[in-house]
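Each chain, letter by letter, is given below.
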Amino acid sequence: MERITHLASIAIEGEQAEEALRQAQAEIARVSRVTTMGELTASLAHEVNQPIAAAITDANTCLRWLAGAPPNLEEACEAAMRVVKDSKRAAEIISRVRLLFKKGAPERELVDVNEVIREMIVLLRNEVAQYSILVRTDFATDCAQVMADRVQLQQVLMNLIMNSIDAMKDVKGKRELAIQLERTENEQLLVSVSDTGVGLPPQQADQIFNAFFTTKVHGTGMGLRISRSIVESHGGRLWAAENSLHGATFCFTLPTKVEASG
C-alpha cells in the first residue's frame, strides 16, 4: 500500500512539474513577443497615427460642411463616414497588437493562414518601408485553414519576418522578402519566408534553433527556439536553408487534416 501511495505521489509531482514547465515556456514566449514588439514601437506609433490623423482631418472637414450656409449635408455625411472608416482601421491595428501581448493558455481554433500572413505584413509594413524592402507574396488559392492557436502563429511569422528584415538592413543591392504558402501532397500547408540578406551564420547554421544562440547584439536567442516549439506543438516542422545566391529561407509545415498534438 505504501508503495502504491509513493508511486501516486511521484506521478502527481511529475504532472505538476510538467504543468510548471508549460507555464514557464508560455511566459518565455510572451516575454519574447514583448521584446520583439518593443523593437517595433516607433513603427507601430506611426501606423496608428496615420488613421487617427486622417480621422481628425475628416472630422474638421465635416464641421466645415455643416457650418456652411446652407450646410452641405451630403459632403458632411461622406466626411463623417471617412471618420468612422479611419477610426475602425486604428482600432484594428491596436487589436492586432493587443493579441500579440496576450497572456494565457493557447487556444486552438480554425485559422486561415493566408489571413494571418496578411496581418503580419500590415503590422510590419513600416519596418519594410524603412529599409526599402520589396515584399512578394504567393498565397494558396484553395483552403488554407488549420486548427491552431492564432496568436502563436502570428508570433512565428512575426519572428521569421523580423529576422529577414534584420538580415537585409545593411545589405547593398536588392532587398526582397518573399512569403509563400502552398499545399503539399501529404495534406500539409508549407509556409516559406525567404530573403536576400546576409544568410545563415557561417559554421553556425546548425545552432540557430538552439536556446540563447543569437547573432544580434540585443537578441534574446529565444525567438527561433520558441518558434520551432510552437510549430512542433501544432504537429509541424520548422527548418532553415541557405539560398543558392543570397540570403536564407525559413520553412515550416502545418497539418491540415490530422489534429495537432497539444
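Residues numbered from 1 in each chain as written. Predicted model: local features only at pLDDT ≥ 70, side-chain atom pairs only at ≥ 80, totals over all residues. Heavy atoms only, no water.

On to the pairing of strand β7 (residues 248-255), then. With eight of eight residues buried, β7 is to be regarded as a mostly interior element. Burial of the side chains of β7 extends over both faces: Ala 248, Phe 250, Phe 252 and Leu 254 are buried on one face and Thr 249, Cys 251, Thr 253 and Pro 255 on the other. Strand direction decides the pairing type here: strand β5 (residues 188-195) and β7, joined by seven bridges, are antiparallel. Paired with Val 193 across the two strands is Phe 250, which belongs to β7. Bridge count for strand β6 (residues 238-242) against β7 is five bridges, and the pairing is antiparallel. (Buried < 20%, exposed > 50% of the residue type's maximum accessible area, 1.4 Å probe, protein only. Helix = DSSP H or I, 4+ residues; strand = E, 2+ residues; numbered from the N terminus. Pairing = 2+ DSSP bridges.)

A few words now on the packing of helix α6 (residues 150-168) against helix α7 (residues 223-233). Each pair of packed helices can be described by the angle between their axes along with the distance between the axes. Their axes nearest at 9 Å, the elements α6 and α7 cross at an angle of 140 degrees. When the axes of α6 and α7 are compared, the pair comes out oblique. For the crossing formed where α6 meets α7, the hand is left-handed. Between α6 and α7, the residues in contact are Gln 152, Gln 155, Val 156, Asn 159, Leu 160 and Asn 163 and Gly 223, Leu 224, Ile 226, Ser 227, Ile 230, Val 231 and Ser 233, respectively. Looking at the contact of α6 with α7 residue by residue, the classes come out as six nonpolar, seven polar and no charged. (Axes fitted to C-alpha atoms, helices over the stretch in contact; angles between N-to-C directions. Parallel < 35°, antiparallel > 145°, perpendicular 65-115°, else oblique. Left-handed = near helix turned anticlockwise from the far one by under 90°. Contact = heavy atoms within 4.5 Å. Nonpolar A, V, L, I, M, F, W, Y, C, P; charged D, E, K, R; others polar.)

In this section: the pattern of salt bridges. Going through the model one piece at a time under the given rule, you end up with six salt bridges. Ionic pairing is found between Arg 82 and Asp 58, a salt bridge with its closest N-O pair at 3.1 Å. In this pair, Arg 82 is assigned in helix α3 (residues 73-100) and Asp 58 in helix α2 (residues 41-67), connecting sequence segments 24 residues apart. One salt bridge in this structure joins Asp 166 and Lys 169, with 3.0 Å as the shortest N-O distance. The exposure class of Asp 166 is partly exposed, given its relative accessible area of 21%. (Salt bridge = Lys/Arg side-chain N within 4 Å of Asp/Glu carboxyl O.)

Another aspect to go through is the environment of Glu 187. On the secondary structure map, Glu 187 appears in the loop between β4 (176-183) and β5. Glu 187 sits 69 residues away from Thr 256 along the chain, and the two C-alpha atoms are 5.8 Å apart.

For the rest of this paragraph, the subject is the nonpolar core. Judged by nonpolar contacts, the single largest core of 40 residues is most densely connected at Val 113, Ile 117, Leu 160, Ile 161, Leu 181 and Phe 252. Taken together, the elements giving at least two residues each to this core come down to α4 (113-123), β3 (145-149), α6, β4, β5, α7 and β7. Residues within four places of Val 113 in sequence aside, it is in contact with Ala 144, Val 146, Leu 181, Leu 189, Val 191 and Leu 254. (Core = buried A, V, L, I, M, F, W, Y, C linked by side-chain atoms within 4.5 Å.)

Viewed as axis vectors pointing N to C, α4 and α6 meet at an angle of 50 degrees, and their least axial separation amounts to 10 Å. As far as their axial angle goes, α6 and α4 are oblique. The hand of the α4/α6 crossing is right-handed. Packed against α4, whose contacting residues are Glu 115, Val 116, Ile 117, Glu 119 and Met 120, the element α6 presents Arg 150, Leu 153, Gln 154, Leu 157, Met 158 and Ile 161 at the interface.

Across the junction of Ala 69 and Pro 70, the peptide omega takes the value 5 degrees, indicating a cis bond. Its place among the elements puts Pro 70 in the loop between α2 and α3. Here the phi dihedral of Ser 132 falls at roughly 50 degrees; this positive angle occurs in a residue that is not glycine. With respect to the helices and strands, the residue Ser 132 is situated in the loop between α5 (125-130) and β2 (134-138). A positive phi angle, close to 60 degrees, is found at Glu 187, a residue other than glycine. Judged by its relative accessible area of 37%, Glu 187 is partly exposed.

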